[in-house]
Structures are given as C-alpha cells and as structure tokens.
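Coordinates in review
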Amino acid sequence: MQDQHDPALLTAATAALEATINQALTLAPGARKELAEMADTVIAIDCSTPAVAIFITITEQGKLEVSGYSEAKNKTLVRGSLEDFLALAIADDPAAMLINSDLEIIGQTAPLLTLQQIITRMDLDWEAPLVNVLGDVAGHQLAQWLRGVFSWSKDASQSLRRQLSEFILEEGRLSPPAAELDVFFDDIQSLGLRVDRLASQLQRLARNVDGRD
Amino acid sequence: MTDETRRAEDRQDTTHFGFTTVNRDDKVHLVRGVFDSVASRYDIMNDLMSVGIHRLWKRFTIELSAVRPGQTVLDIAGGTGDLSARFSTLVGAQGKVILADINASMLAVGRDKLLDAGAFGNLHMVQCDAQTLPFLDNSIDCITIAFGLRNVTDKQLALESMERVLKPGGRLLVLEFSKPTSALLQKVYDTYSFRILPMMGRLVANDEDSYRYLAESIRQHPDQETLLGMMEEASFVDCQYHNMTGGIVAVHRGIKA
Ligand SMILES: C[S@@+](CC[C@H](N)C(=O)[O-])C[C@H]1O[C@@H](n2cnc3c(N)ncnc32)[C@H](O)[C@@H]1O
C-alpha cells in the first residue's frame, strides 16, 4: 500500500498553492466574482509523467480549494504530461494552446481557461500564506525553498520546467524524500542548538538571580 | 509484537504507560495527568515538535474524509479542536460536528480556540471515553481520531465502539504516529524523540515528563499492518493506510459495512 508520493509532501504543495492563490484573490475582487460564478466546479489535473493528481475546487466565495484527493463526481479532467501543463500554464493564448497540445480534456473546457487566465494575471506571494498554513516555524523556510523551486517567470520557463520535474520526480519517489529529510534534520539541529543556547542563558540568569539574593 | 500477544495484553490487568508497565485502571488517570499538564501549551508544542508538519498530516486526513455539507462528524480525542474547526465549515449549518475528548482541560482550550475562530453553531462538545462512546448506533457519517488512539487503554474496544456508532458506509480515519519505513529515518527520529523532544518539553512547556511519555507512547503504538489488522478485526471493510513523512505518521481508513 505505497503511495507514489508522500502525501504530506504533496499536501505541502497543494496547501501552499491554495493559500498563495487565495491570498492574491483577496486583493482581486473582480477575479473572485468571476470565479464565484463557477462555484462547485472541480478541475482534476491528472499528470501522467510524473504521476501526480491534484484537484482544484472553486468555492462559492470565489476562492480555490486545492487538494491531492477528491471524491467529487462531475469533474473537468485534464490529463497530460508535466510539459504540456507547464506550456498551458504560461501560454499567452491558452485556448489555442489547448487545441494544439496533447492534453486530454474530459468535461467542460471553459472553466479551465478562465481559471488559467485568472491565475496567470495575478502576482503571487508565497510567504504570508505559508506562515498561515504551517505556522511561523516552518512557513518562512518553506516559502524560501518554494520561491527557488517555483520561480514563476516566463523567461525561466526552461529551468522552471527542469526544476519542477526534478522536484516532483526526486521528491516524490524516494521514501523518505531526501530533501524533505534534509530540511527536517537542519531544522531539528538548529532547534537543538537554539534550545541549548536558551538553556545556558536560563542557567546564567538563574545564577544571577541566586547571586543577588 | 503479534496481534495475539497485543490483544492478550490489552485484556490483562497491566498495560503500557509509555515504556512503564502500569495497572490498567491507572492508565486513564496517568494519561489524563499528561494532557491536563500540556493543555495550555499544546498547540505551540505541536508546531514546534513537528516543525509545522502536523498541519499537513491533518489536512490530508481531512481530504481523505471527503466530508460533505449536512453530515455528522465525530472527532474523538479531538483535544484542542484542529480537525473539528475545519469540519465545522465543511459540514455547514445543516451538519454537525462533535468534538469529543476524555479530558476537560483539553476541551476547554479547544472551546476557547474555536470560539475565537468564530466556528459555526454546529459544534458540540462531549467529554467521553473513546472505549465507551455515548452515541446511538448507526448515527455518525465520519469519525476521526488524530493522535489519540495510542493513549487509549483498550484500542480494540475503542475501534469496536467506533464501528458501532458509525452509519453503514460511514468511514473511520485514524491519524497516528507509526513506524518509519527506513532504518536511517528511524534512527534520527529516535534521537529526536528521546533527546530533543523532552528537552523542548522542559523549556517551552516546563514539563519534561509529559513529553517523554509522548515519545514513549509513540513507540508502543501498533505499526501500520497491526493497526490495519485491528480495524479489520473490528469489522471495518476496505481498510487501507497511507504513510506520510516516511511512515513517521500514517493515516488509516476503514468503512463500516
Ligand atoms: C495528542 S492529543 C490529540 C489532540 C488532537 N486530536 C490533535 O490532533 O491535535 C490526544 C488526546 O487524546 C485524549 N484522550 C486520551 N485518552 C482518551 C480516551 N480514552 N478517550 C478519549 N480521548 C482520549 C487526550 O485527552 C488528548 O486530548
């Protein structure tokens, strides 16, 4: 019973994506209104290579829920390789792109196109929402890490594509994922150090207080 | 430990409290003591101890629940209410969320937090024991127990009690520490749990013993396959689990037939 990817890792990605987009949406009432009109639409993005599926649900408030698991029935399903999805994500003319690409679509195309346009129009900031999702402890670090991995720019599309594939392939297959483990170790180590420092400071303080009595 | 020895042990007079063997009747009080003493610092310790990752584990568990508006959800050992808060918005005004815990201090922290978060009026709190759930048979759509089962004295009894109150087709989700899938990770994780955790417990919550108990109780908890077997034993069907973060944590799912 082995998942192809560590669900915690995929969840980190979906939670970050969701929080980041929704944060940007709070500042874009127009886009929110457009989205609200498509409430309850579920778009399933089924990536073949590497194999990951994510689900985007549009809420009544015109926000997005992004998850790695969904049992919703009427979904718009888009299937293809990572390359196809990246090309679509950064396309200037997504409609033409959709027709010409190898992406397979089952269900309605319109919500997909609207969503693509709204998301590419927005300026996404990873940090604040991540801190909300993960708390101060890990949010900041993860934001920085993601910023490196997902630097969302058209000029960087080549390297973005490479980084993303590497990210998903490497991180997804290994169990435990090497990079995640590294970050985790580093955190633990630095936490340990900080705790040690704190402990010695406390001891010093205690001595000082004792000394004064 | 095999299923049989574990079952036999579960029915005997003594049981584990962390690595210490104690009288079965005492365990409830000892566990209560632990959570009485950690309640006020519980949320911040969770973030610190897991570097925030517990939020992802919980989030994935909620995704797997596939809870819909109008449903009734029971969050057992719900403590300070992380899952309940999310379920409250998912089930909406027509639905119902019951936050159940054996410990009044944890429930009190949970209540304050949920009120602050402006949770819906669909939330109910019940102080009860997972082994003897005070709910009608076939009355609940979804049960979650997150990081709670390992504290329960007779886990099999608790699973059976959950099966009883679920509606046919309803689902149980158990989120719990489990067995890391790699030996390397296990080693690092041991160092972390037995050295760093109690130290953090001492410094942040001024309570080294409780956090030592938490680390020990994690090691005494049944591993992935054993828990899967126990769920099947309690008549759940379609049982499966997902390892997360290298098996440090697993979420098990079972359906009531
Ligand atoms: C580690 S906390 C988990 C809280 C919350 N579910 C979370 O994930 O943050 C464990 C909880 O289990 C509760 N608990 C322990 N034994 C129990 C029992 N027999 N029945 C119900 N709850 C119990 C404790 O009071 C405590 O609040």
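Residues numbered from 1 in each chain as written. Chains lettered and ligands numbered in written order. Predicted model: local features only at pLDDT ≥ 70, side-chain atom pairs only at ≥ 80, totals over all residues. Heavy atoms only, no water.

Along the backbone of chain B there are 10 helices and nine strands. For 257 residues, the compact-globule estimate of 2.2 N^0.38 gives 18 Å, and the C-alpha radius of gyration of chain B, at 17 Å, lies within 12% of that figure. C-alpha atoms of chain B, sized along the principal axes, occupy 45 × 40 × 35 Å. Across the 257 residues that make up chain B, the buried fraction comes to 60%. Residue pairs in contact within chain B that sit at least 24 positions apart in sequence constitute 70% of those at least 6 positions apart. Of the accessible surface of chain B, which amounts to about 10000 Å², a share of 51% is contributed by carbon and sulfur atoms. (Helix = DSSP H or I, 4+ residues; strand = E, 2+ residues; numbered from the N terminus. Rg over C-alpha atoms; globule rule 2.2 N^0.38 Å. Buried < 20%, exposed > 50% of the residue type's maximum accessible area, 1.4 Å probe, protein only. Contact = heavy atoms within 4.5 Å. Areas by Shrake-Rupley, 256 points an atom, 1.4 Å probe, with all protein chains shown as cover.)

Here we come to the packing of aromatic side chains. All names here are of chain B. In the structure shown here, the tally under the stated rule is four aromatic pairs over all chains. Centroid distance F17 to Y213: 4.3 Å. Interplanar angle 15°. Geometry classified as stacked. Of this pair, F17 sits in strand β1 (residues 14-17) while Y213 sits in helix α9 (residues 208-220), placing them 196 residues apart in sequence. Judged on exposure class, the residue F17 and its partner Y213 are both buried. The interplanar angle of 40° and the centroid separation of 4.9 Å between the aromatic rings of F147 and F177 together place this pair among those described as tilted. With a gap of 30 residues between them, F147 in the loop between β6 (140-146) and α7 (155-165) and F177 in strand β7 (residues 166-177) connect regions that are remote in the sequence. (Phe/Tyr/Trp six-rings, centres within 6.5 Å; stacked < 30°, edge-to-face > 60°.)

Before going further, it helps to spend a moment on the pattern of salt bridges. Residue and element names in this part refer to chain B. In this structure the tally under the stated criterion is 15 salt bridges over all chains. In this structure, R150 engages E176 in a salt bridge whose closest nitrogen and oxygen atoms are separated by 2.6 Å. Of this pair, R150 sits in the loop between β6 and α7 while E176 sits in strand β7, and the two are 26 residues apart along the sequence. Across this residue pair, the class does not change: R150 and E176 are buried. (Salt bridge = Lys/Arg side-chain N within 4 Å of Asp/Glu carboxyl O.)

Looking now at the confidence of the model for chain A. All names here are of chain A. Summing up the model confidence of chain A, the mean pLDDT is 71 and the portion of residues at 70 or higher is 55%. At the level of individual helices and strands, chain A shows its lowest average pLDDT in helix α7 (residues 157-173), which scores 48, and its highest in strand β3 (residues 64-67), which scores 92. In this model, residues 149-158 is a region of pLDDT below 50 whose contacts with residues beyond four sequence positions or in other chains number 14 contacts. Contacts of residues 167-178 to residues separated by more than four positions or lying in other chains number 29 contacts, the stretch itself having pLDDT below 50. (pLDDT = per-residue confidence, 0-100.)

To continue, consider the site of the ligand. Residues and elements named next belong to chain B. The local shell around the ligand holds 19 residues, among which Y42, K58, A77, D101 and A130 are the closest. In this structure, K58 approaches the ligand through a side-chain N or O atom, which is 2.9 Å from an oxygen atom. Residue I102 places a main-chain N or O atom 3.4 Å away from a nitrogen atom belonging to the ligand. With the chains in place, 97% of the 600 Å² that the ligand exposes on its own is no longer accessible. Elements with a contribution of two residues or more to the shell around the ligand: α2 (24-38) and α3 (42-49). In terms of residue class, the shell around the ligand is built from 11 nonpolar, five polar and three charged. (Near = heavy atom within 4 Å. Polar contact = N/O pair within 3.5 Å; in protein donor to acceptor, adjacent residues only side chain to side chain. Nonpolar A, V, L, I, M, F, W, Y, C, P; charged D, E, K, R; others polar.)

Let's shift gears to the sheet that holds strand β9 (residues 249-256) of chain B. Residues and elements named next belong to chain B. Here seven strands make up an open sheet; going across it, the order is β5-β4-β3-β6-β7-β9-β8 and the pairing mixed. Each edge of the open sheet is held by one strand with a lone partner, namely β5 (123-127) and β8 (236-244). Sheet twist, expressed as the mean angle between neighbouring strand axes with direction ignored, is 15°. In this sheet, β9 lies alongside β8 in antiparallel orientation, the contact comprising seven bridges. Note on β9: the bridge partner recorded for M244 is V249. Each of β3 (72-76), β4 (96-101), β5 and β6 is contacted by helix α5 (residues 82-91), which is oriented at about 165° to β4, the strand it contacts most. (Pairing = 2+ DSSP bridges. Axes fitted to C-alpha atoms, helices over the stretch in contact; angles between N-to-C directions.)

Residue and element names in this part refer to chain B. Following both chains from N to C, one finds α3 and helix α8 (residues 183-204) inclined at 145°, their axes separated by 11 Å at the closest point. You can see that α3 and α8 cross each other, and the crossing is right-handed. Across the interface between the two elements, M45, L48 and M49 of α3 pack against Y192, L197, M200, G201 and V204 of α8. The residue makeup of the contact of α3 with α8, split by class, is seven nonpolar, one polar and no charged. (Left-handed = near helix turned anticlockwise from the far one by under 90°.)

A few words on the pairing of strand β2 (residues 52-58) of chain A. All names here are of chain A. Within β2, six of the seven residues are buried, leaving the element largely enclosed by the surrounding structure. Note that strand β1 (residues 42-47) and β2 share six bridges and pair antiparallel. Considered in β2, the bridge of I43 is made with I56. The antiparallel pairing of β1 with β2 creates a hairpin that spans four residues between the two strands. Sheet topology note: the β2/β3 ladder contains four bridges and is antiparallel. The partner of I56 across the bridge, within β3, is V66. Hairpin remark: β2 followed by β3, antiparallel, with five residues in the connecting loop; positive phi at G62, about 75°.

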